[in-house]
Amino acid sequence: AALLLPPLWRRRQRRRAFATALPAQFRAAIERNVPATRSLSPPLARRLDGLVISFLREKQFVGCNGLEITDEIRATIAAQACLLLLGRPGLYDELQSILVYPGTFWVEDEVHDDDGLVTRRRRELSGEAWDSHRIILSWADIAETARQPADGYNVVLHEFAHSVSYTHLTLPT
(Lines give C-alpha, C1' and ligand atoms only; values in the text may rest on other atoms or scores of the structure.)
Protein backbone atom coordinates (compact mmCIF):
# COMPACT_ATOMS: atom_id res chain seq x y z
CA ALA A 1 0.00 0.00 0.00
CA ALA A 2 2.88 2.38 0.79
CA LEU A 3 4.15 2.03 -2.77
CA LEU A 4 0.75 2.56 -4.39
CA LEU A 5 -0.63 5.41 -2.31
CA PRO A 6 1.81 8.22 -3.26
CA PRO A 7 1.29 7.81 -7.04
CA LEU A 8 -2.48 7.54 -6.60
CA TRP A 9 -2.55 10.59 -4.34
CA ARG A 10 -0.37 12.56 -6.78
CA ARG A 11 -2.65 11.61 -9.71
CA ARG A 12 -5.70 12.72 -7.74
CA GLN A 13 -4.06 16.05 -6.79
CA ARG A 14 -3.05 16.66 -10.40
CA ARG A 15 -6.55 15.92 -11.63
CA ARG A 16 -7.82 18.58 -9.22
CA ALA A 17 -5.18 21.02 -10.46
CA PHE A 18 -6.31 20.53 -14.04
CA ALA A 19 -9.85 21.45 -12.98
CA THR A 20 -8.65 24.64 -11.26
CA ALA A 21 -8.33 28.04 -12.93
CA LEU A 22 -4.89 29.60 -12.96
CA PRO A 23 -4.92 32.56 -10.51
CA ALA A 24 -4.79 36.00 -12.14
CA GLN A 25 -1.40 36.99 -10.66
CA PHE A 26 0.22 33.87 -12.14
CA ARG A 27 -1.43 34.38 -15.52
CA ALA A 28 -0.23 38.00 -15.65
CA ALA A 29 3.36 37.00 -14.83
CA ILE A 30 3.32 34.25 -17.47
CA GLU A 31 1.93 36.58 -20.13
CA ARG A 32 4.68 39.12 -19.33
CA ASN A 33 7.61 36.73 -19.03
CA VAL A 34 6.90 33.68 -21.18
CA PRO A 35 6.05 34.95 -24.68
CA ALA A 36 5.89 31.43 -26.15
CA THR A 37 2.61 30.87 -24.29
CA ARG A 38 0.86 33.56 -26.32
CA SER A 39 0.74 31.39 -29.44
CA LEU A 40 -0.57 28.20 -27.82
CA SER A 41 -3.86 26.78 -29.02
CA PRO A 42 -6.67 26.85 -26.41
CA PRO A 43 -6.32 23.11 -25.58
CA LEU A 44 -2.55 23.44 -25.11
CA ALA A 45 -3.00 26.62 -23.06
CA ARG A 46 -5.44 24.79 -20.74
CA ARG A 47 -3.01 21.88 -20.43
CA LEU A 48 -0.17 24.28 -19.61
CA ASP A 49 -2.33 25.92 -16.92
CA GLY A 50 -2.93 22.53 -15.30
CA LEU A 51 0.74 21.62 -15.46
CA VAL A 52 1.73 24.98 -13.95
CA ILE A 53 -0.77 24.67 -11.09
CA SER A 54 0.45 21.14 -10.34
CA PHE A 55 4.08 22.23 -10.55
CA LEU A 56 3.51 25.13 -8.18
CA ARG A 57 1.75 22.89 -5.67
CA GLU A 58 4.36 20.12 -5.76
CA LYS A 59 7.72 21.90 -6.01
CA GLN A 60 9.50 23.94 -3.38
CA PHE A 61 11.12 27.21 -4.44
CA VAL A 62 14.07 28.41 -2.34
CA GLY A 63 15.48 31.92 -2.57
CA CYS A 64 19.27 32.05 -2.20
CA ASN A 65 21.60 34.97 -1.32
CA GLY A 66 18.68 37.00 0.00
CA LEU A 67 16.35 36.59 -2.98
CA GLU A 68 12.70 36.62 -1.91
CA ILE A 69 10.65 34.17 -3.97
CA THR A 70 7.62 35.94 -5.43
CA ASP A 71 4.62 34.71 -7.41
CA GLU A 72 6.26 36.26 -10.48
CA ILE A 73 9.39 34.14 -10.05
CA ARG A 74 7.43 30.96 -9.33
CA ALA A 75 5.00 31.39 -12.24
CA THR A 76 7.71 32.31 -14.75
CA ILE A 77 9.88 29.32 -13.92
CA ALA A 78 6.94 26.91 -13.72
CA ALA A 79 5.51 27.97 -17.08
CA GLN A 80 8.84 27.72 -18.88
CA ALA A 81 9.59 24.32 -17.33
CA CYS A 82 6.12 23.01 -18.15
CA LEU A 83 6.35 24.04 -21.80
CA LEU A 84 8.69 21.05 -22.20
CA LEU A 85 5.95 18.72 -20.95
CA LEU A 86 3.03 19.76 -23.14
CA GLY A 87 3.19 16.57 -25.22
CA ARG A 88 4.60 14.28 -22.52
CA PRO A 89 3.43 12.46 -19.41
CA GLY A 90 4.86 13.20 -15.99
CA LEU A 91 5.76 16.38 -14.18
CA TYR A 92 9.41 16.20 -13.14
CA ASP A 93 8.31 13.67 -10.53
CA GLU A 94 11.78 13.30 -8.99
CA LEU A 95 12.32 17.06 -8.72
CA GLN A 96 11.73 18.45 -5.25
CA SER A 97 13.17 21.96 -5.22
CA ILE A 98 14.27 24.86 -7.36
CA LEU A 99 16.98 27.06 -5.86
CA VAL A 100 16.91 30.58 -7.28
CA TYR A 101 19.78 33.05 -6.95
CA PRO A 102 19.38 36.77 -7.69
CA GLY A 103 22.15 36.54 -10.31
CA THR A 104 24.87 34.19 -11.44
CA PHE A 105 26.43 31.97 -8.80
CA TRP A 106 29.77 30.25 -8.27
CA VAL A 107 30.26 26.50 -8.20
CA GLU A 108 33.45 24.74 -7.21
CA ASP A 109 33.98 21.20 -8.38
CA GLU A 110 36.58 18.70 -9.51
CA VAL A 111 37.22 17.39 -12.99
CA HIS A 112 38.81 13.96 -13.43
CA ASP A 113 40.56 13.39 -16.75
CA ASP A 114 41.34 10.06 -18.45
CA ASP A 115 44.83 9.96 -16.92
CA GLY A 116 43.48 10.27 -13.37
CA LEU A 117 44.48 13.91 -12.96
CA VAL A 118 42.07 15.81 -10.74
CA THR A 119 41.65 19.52 -11.35
CA ARG A 120 39.68 21.83 -9.06
CA ARG A 121 37.80 24.57 -10.82
CA ARG A 122 35.54 27.47 -9.95
CA ARG A 123 32.85 28.40 -12.46
CA GLU A 124 30.29 31.18 -12.65
CA LEU A 125 26.94 29.73 -13.75
CA SER A 126 23.42 30.90 -14.49
CA GLY A 127 21.89 27.46 -13.98
CA GLU A 128 22.68 23.90 -13.12
CA ALA A 129 20.77 20.66 -12.70
CA TRP A 130 22.78 19.14 -9.84
CA ASP A 131 20.78 15.97 -9.61
CA SER A 132 17.25 14.78 -10.29
CA HIS A 133 15.99 16.37 -7.07
CA ARG A 134 16.99 20.03 -7.46
CA ILE A 135 17.75 22.66 -10.05
CA ILE A 136 19.62 25.91 -9.47
CA LEU A 137 18.78 29.02 -11.51
CA SER A 138 19.71 32.69 -11.79
CA TRP A 139 16.70 35.01 -11.71
CA ALA A 140 18.64 37.75 -13.55
CA ASP A 141 19.18 35.38 -16.49
CA ILE A 142 15.54 34.29 -16.45
CA ALA A 143 14.38 37.92 -16.44
CA GLU A 144 16.76 38.72 -19.31
CA THR A 145 15.20 35.91 -21.35
CA ALA A 146 11.78 37.48 -20.77
CA ARG A 147 13.05 40.82 -22.10
CA GLN A 148 14.91 39.35 -25.10
CA PRO A 149 13.35 35.97 -25.95
CA ALA A 150 14.68 35.86 -29.49
CA ASP A 151 18.37 35.51 -28.59
CA GLY A 152 18.07 31.71 -28.35
CA TYR A 153 19.21 31.39 -24.72
CA ASN A 154 16.86 30.17 -22.00
CA VAL A 155 18.40 28.87 -18.77
CA VAL A 156 15.12 27.36 -17.50
CA LEU A 157 14.51 25.33 -20.66
CA HIS A 158 18.15 24.26 -20.72
CA GLU A 159 18.31 23.06 -17.10
CA PHE A 160 14.89 21.43 -17.07
CA ALA A 161 15.74 19.57 -20.27
CA HIS A 162 18.60 18.01 -18.29
CA SER A 163 16.31 16.91 -15.49
CA VAL A 164 13.33 15.63 -17.42
CA SER A 165 12.25 12.53 -15.58
CA TYR A 166 9.14 11.16 -17.24
CA THR A 167 7.06 8.64 -15.39
CA HIS A 168 4.22 6.47 -16.49
CA LEU A 169 1.70 8.46 -14.48
CA THR A 170 -0.98 9.76 -16.77
CA LEU A 171 -1.87 13.40 -16.38
CA PRO A 172 -5.45 14.44 -17.03
CA THR A 173 -6.04 15.84 -20.50
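Calculation notes
- Residues numbered from 1 in each chain as written.
- Predicted model: local features only at pLDDT ≥ 70, side-chain atom pairs only at ≥ 80, totals over all residues.
- Heavy atoms only, no water.
- Helix = DSSP H or I, 4+ residues; strand = E, 2+ residues; numbered from the N terminus.
- Buried < 20%, exposed > 50% of the residue type's maximum accessible area, 1.4 Å probe, protein only.
- Contact = heavy atoms within 4.5 Å.
- Areas by Shrake-Rupley, 256 points an atom, 1.4 Å probe, with all protein chains shown as cover.
- Pairing = 2+ DSSP bridges.
- Core = buried A, V, L, I, M, F, W, Y, C linked by side-chain atoms within 4.5 Å.
- Arc of directions from axis to C-beta.
- Axes fitted to C-alpha atoms, helices over the stretch in contact; angles between N-to-C directions.
- Polar contact = N/O pair within 3.5 Å; in protein donor to acceptor, adjacent residues only side chain to side chain.
- Expected span 1.5 Å × (residues − 1).

Now for the overall build of the protein chain. Within the protein chain, the secondary structure is distributed over six helices and six strands. Across the 173 residues of the protein chain, 43% fall into the buried class. Across the protein chain, contacts joining residues at least 24 apart in sequence account for 71% of those joining residues at least 6 apart. Taken as a whole, the protein chain presents about 9700 Å² of accessible surface, with 53% of it coming from carbon and sulfur.

Before going further, it helps to examine the side chain of Q80. As for its position among the elements, Q80 is in helix 4 (residues 71-83). Accessibility expressed as a relative area gives 3% for Q80, which makes it buried. Beyond its immediate stretch of four places on either side in the chain, Q80 contacts N33, V34, I142, N154, V156 and L157.

On to the pairing of strand 5 (residues 127-131), then. Here four bridges tie strand 5 to strand 6 (residues 134-138), and the two strands are oriented antiparallel to one another. Bridge pairing in strand 6 links G127 to L137. Remark: two residues form the turn of the hairpin made by strand 5 and strand 6, two consecutive strands paired antiparallel.

This brings us to the nonpolar core. Ranked by size, the top nonpolar core spans 37 residues in total, and within it V52, F55, I77, I98, L137, V156 and F160 carry the most contacts. At the level of secondary structure, the elements contributing two or more residues to this core comprise helix 1 (5-18), helix 2 (24-33), helix 3 (42-58), helix 4, strand 2 (97-101), strand 6, helix 5 (139-147) and helix 6 (155-163). It is helix 4 that contributes the most residues to this core, seven residues altogether. Once residues within four sequence positions are removed from consideration, I98 is found in contact with F55, K59, Q60, F61, V62, I77, I135, L137 and F160. By size, the runner-up hydrophobic cluster in this structure holds seven residues, among which are F105, V107, L125 and I136.

The next thing to look at is helix 2. Among all positions of helix 2, only F26, A29, I30 and N33 are buried. When helix 2 is viewed along its axis, its buried side chains cluster within an angular range of 100 degrees and face the same direction. Close packing links the buried residues of helix 2 with helix 3, helix 4 and helix 5.

Right, let's talk about the side chain of D49 for a bit. Within the secondary structure, D49 sits in helix 3. Leaving out residues up to four positions away in the same chain, D49 has contacts with L22 and R27.

The strand order across the open sheet formed by four strands is 1-2-6-5, and the pairing between neighbours is mixed. Only two strands of the sheet have a single partner each, and these edge strands are strand 1 (60-63) and strand 5. Shown here is a sheet whose adjacent strand axes are inclined to one another by a mean of 20 degrees, direction ignored. One ladder, built from four bridges, connects strand 1 with strand 2; its direction is parallel.

This part covers the environment of R32. Turning to its location among the elements, R32 is positioned in helix 2. Taking the C-alpha atoms as reference points, R32 and R147, 115 residues apart in sequence, are found 9.0 Å from one another. Sequence-distant contacts of R32, that is, excluding residues within four places in its chain, are made with R38 and E72. Within the structure, R32 has its side chain in polar contact with the side chain of E72 (distance 2.4 Å).

Turning to helix 3, a few remarks are in order. Relative to the 24 Å expected for 17 residues at 1.5 Å per residue, helix 3 spans 24 Å between its end C-alpha atoms, a close match to the ideal helical length. Of all the positions in helix 3, only R47, L48, D49, G50, L51, V52, I53, S54, F55 and L56 are classed as buried.

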